[in-house]
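Single-letter residue listing:
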Amino acid sequence: SITGETVELLEPYLDMEDYNLETAKKVCGNVAGLCSWTQAMAYFYGINKEVLPLKANLALQEGRLAAAQMELNSAQLQLDEKQMELDEVQAMYDAAMKEKQALLDDAEACRRKMKNATALIEGLGGEKLRWTASSKNFQHQIIDLVGNVLLATGFLSYSGPFNQEYRNLLLQLWKKEMDNKKIPYSNNLNLTGMLVDNATVGEWNLQGLPNDDLSIQNGIIVTKASRYPLLIDPQGQGKTWIKNKERNNGLQVNSSFTIFFIHYM
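As annotated in an unreviewed UniProt entry, the protein chain is DYH8 protein from Pachyramphus minor.

(A) Quick look at the side chain of E246. Relative to the helices and strands, E246 is located in the loop between helix 9 (237-245) and strand 2 (251-256). The class of E246 is buried, set by a relative accessible area of 6%. There is a polar contact of 2.5 Å between the side chain of E246 and the side chain of N249.

(B) Examining helix 8 (residues 213-224) more closely. Under the 1.5 Å per step criterion, the end-to-end length of helix 8 is 16 Å for 12 residues, consistent within 8% with the ideal 16 Å. Measuring from the backbone nitrogen of L214 back to the side-chain oxygen at the start of helix 8 gives 3.3 Å, which picks out D212 as the cap.

(C) Fine view of the domain arrangement of the protein chain. The domains assigned to the protein chain are domain 1 (4-79) and domain 2 (190-264). Between domain 1 and domain 2, the C-alpha centre-to-centre distance is 131 Å.

(D) Highlighting the confidence of the model for the protein chain. Per-residue confidence for the protein chain averages 84 on the pLDDT scale, and 94% of its residues sit at or above 70. When mean pLDDT is compared element by element in the protein chain, helix 7 (residues 198-206) scores highest at 91, while strand 3 (residues 259-264) scores lowest at 40. Within the model, pLDDT remains below 50 along residues 257-265, and this stretch shows 31 contacts once partners closer than five positions in the same chain are excluded.

(E) The arrangement of the UniProt feature "coiled-coil region" (unreviewed entry) in the protein chain in detail. UniProt records the feature "coiled-coil region" (unreviewed entry) for residues 58-117 in the present numbering. For the annotated span residues 58-117, helix accounts for 100% and strand for 0% of the residues, and the straight-line distance between the end C-alpha atoms is 83 Å.

(F) How the structure looks around the pattern of salt bridges. Counting across every chain of the model gives three salt bridges. For K245, the salt bridge is made with E246, and the minimal N-O distance between the two is 2.9 Å. With a relative accessible area of 26%, K245 lands in the partly exposed category.

What counts and what doesn't
- Residues numbered from 1 in each chain as written.
- Predicted model: local features only at pLDDT ≥ 70, side-chain atom pairs only at ≥ 80, totals over all residues.
- Heavy atoms only, no water.
- Helix = DSSP H or I, 4+ residues; strand = E, 2+ residues; numbered from the N terminus.
- Buried < 20%, exposed > 50% of the residue type's maximum accessible area, 1.4 Å probe, protein only.
- Polar contact = N/O pair within 3.5 Å; in protein donor to acceptor, adjacent residues only side chain to side chain.
- Expected span 1.5 Å × (residues − 1).
- Domains from an automatic or database assignment.
- pLDDT = per-residue confidence, 0-100.
- Contact = heavy atoms within 4.5 Å.
- UniProt positions renumbered as here; feature names shortened; annotations may be inferred.
- Salt bridge = Lys/Arg side-chain N within 4 Å of Asp/Glu carboxyl O.

Structural data, given as structure tokens:
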């Protein structure tokens, strides 16, 4: 209820030097509080005059803030919905990219396989002639197999006691008889290569067997024949070889001059 006019009428009194609480107490202690109260109300009016517009503006701004907050909440809901949609679309995109990469990897693997297959086909194309010749050679080997086995069996069974020259003579006689009987065999047959491989021969040589054809044939007879072999061994080379070869197999050796007999326990 305080107005500007009331405050304006009080200003002459408020401006007086003796219009204060201390002077009023000296005059009359009961009215000293009233003096102080009038000063406070005038001061309140001045402050309130400035505060009222601020309160009005505060109320206005709070209304605007509430409206803006509602708009913000609505926008946040829309943002959350769009974020969910974005996440779904991102997941679909990631799945599509993963599938695309898998397809690219498969395509690259197929290209590599195709390249390798092409190179293999081109490489094998050059082998066609050799394969054709090898196939024909295998056919001949199949046909000649019976005669070759017969010669190898005869060699193992009957040529042991003889020297190299007589062994060759026996093979020639057997071949002549097989020709008469029309039994096919390989003209270039190598009995040593047929009955033993080079790796085994190399191992025999390391064990002390000489590297000549007769010694290798003797080694074949010793290892392949079903009978107990009897070796005539004046130089002791065969004995050394067999002892080294059968050292770990429980071999027993009985020596008498240059002739010895071996058997397996």
